Amino acid sequence: MNTAIKKITGKDPDSYLADYRNHNNMRMQELKEALGVESRATIFNPKYIKDVLKGGKSSAEGITELVTNAFGWEATRSEVIDDEFWNQVHDLYIIDKENLGVQDFFERENPAAMQEITAIMLETARKGFWKASSNQLDVITQKYIDLVERFGLEPSGFSGNNSKLQDYISKRLPENQKNSYQKQIQESKTSDKSTESKVLRKENTENKKEKINLNGLWIGIGGIIAFIILIIFIKKRRKN
């Protein structure tokens, strides 16, 4: 809706969210303010993060979902997500400046979720949404590559089929890591084709089974009909 209005009017529409958390002081908040308040209470709140770290795979996915949503806002309403948001993600989740054990948690419970976060951050920088420093990009790139090398490239993830992002990442790598990364990409593509082929073979096998079952059914029905006709014929012969 925001994109449609901007396309027609040339301006982003004003967006507000209703804040009902304090029933004695319910009010409307501008979208940027609301997202900022929510982020500080959750994703950037060390107490909240500590609670997340007590969870498992789904808890890690929850953080990734929040980061993914932020990228979505960048793509549609870039003014509501500023550089400070991504700087905070970098500080709390990539370098773990609060020493909460964030990286250990993700690597233990869901390394694919952290790979996704790093890929989203690199794509945000590639598209110019986030003016990251060279040092920040180096740190994130190395974290991303480390996860890819240790756990494999997530084919369904943010960078799985994003050739522009893959090229962007490759350009930031030394030659030996670049070659290794390119190999991972090719292996991922081969794996996808192999999986697709297996699925197709399975479907074909199931179709054949269905045809065989249907043929058997028709043969059975034909046998029953022939048997009934035979009985009728015998009864008529007896009457005659």
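Calculation criteria
Residues numbered from 1 in each chain as written. Predicted model: local features only at pLDDT ≥ 70, side-chain atom pairs only at ≥ 80, totals over all residues. Heavy atoms only, no water. Helix = DSSP H or I, 4+ residues; strand = E, 2+ residues; numbered from the N terminus. Buried < 20%, exposed > 50% of the residue type's maximum accessible area, 1.4 Å probe, protein only. Contact = heavy atoms within 4.5 Å. Areas by Shrake-Rupley, 256 points an atom, 1.4 Å probe, with all protein chains shown as cover. Axes fitted to C-alpha atoms, helices over the stretch in contact; angles between N-to-C directions. Parallel < 35°, antiparallel > 145°, perpendicular 65-115°, else oblique. Left-handed = near helix turned anticlockwise from the far one by under 90°. Nonpolar A, V, L, I, M, F, W, Y, C, P; charged D, E, K, R; others polar. Phe/Tyr/Trp six-rings, centres within 6.5 Å; stacked < 30°, edge-to-face > 60°. Salt bridge = Lys/Arg side-chain N within 4 Å of Asp/Glu carboxyl O.

Considering the overall build of the protein chain
Then step 1. Along the backbone of the protein chain there are ten helices and two strands.
Then step 2. Helices and strands appear in the protein chain in the N-to-C order α-β-β-α-α-α-α-α-α-α-α-α.
Then step 3. The buried share among the 240 residues of the protein chain stands at 35%.
Then step 4. In the protein chain, the share of contacts with a sequence separation of at least 24, taken over all contacts with a separation of at least 6, comes to 62%.
Then step 5. Looking at the protein chain as shown, the accessible area adds up to about 15300 Å², and 53% of this sits on carbon and sulfur atoms.

Points about the packing of helix α4 (residues 57-76) against helix α7 (residues 111-126)
Then step 1. Direction vectors running N to C along α4 and α7 enclose 15°, while the axes themselves pass 9 Å from each other. One way to sum up the angle between α4 and α7 is to call them roughly parallel. Like other packed secondary-structure pairs, α4 and α7 cross with a definite hand, here left-handed. Contact with α4, carried on its side by A60, E61, I63, T64, V67, T68, F71 and E74, involves A113, E116, I117, I120, E123 and T124 of α7 and no other residues of that element.
Then step 2. Looking at side-chain class alone, the contact of α4 with α7 contains seven nonpolar, three polar and four charged residues.

Considering unusual backbone geometry
Then step 1. A positive phi is found at D96, a non-glycine position, where the angle reads about 50°.
Then step 2. Residue placement: D96 occurs in the loop between α5 (83-94) and α6 (102-109).
Then step 3. D96 gets classed as buried once you look at its relative accessible area, which sits at 11%.
Then step 4. The phi dihedral of N99 falls on the positive side, at around 55°, and the residue is not glycine.
Then step 5. Considering the arrangement of structural elements, one finds N99 in the loop between α5 and α6.
Then step 6. What makes N99 exposed here is its relative accessible area of 68%.

Considering the packing of aromatic side chains
Then step 1. Taken as a whole and assessed by the stated rule, the structure comprises six aromatic pairs.
Then step 2. Among the aromatic residues, those joined into a ring-pair cluster are F44, F85 and W86.

Some remarks on the environment of I63
Then step 1. Position of I63 relative to the elements: it lies in helix α4.
Then step 2. Other than its neighbours up to four places away in sequence, I63 contacts Y48, V52, Y93, F106 and I117.

Topic: the pattern of salt bridges
Then step 1. Inspection of the entire model under this criterion finds nine salt bridges.
Then step 2. Salt-bridge contacts for E109 lead to R108; the nearest nitrogen and oxygen are separated by 3.2 Å.
Then step 3. For E109, a relative accessible area of 29% translates into the label partly exposed.
Then step 4. Relative accessible area serves as the criterion here: at 52%, R108 is assigned to the exposed category.

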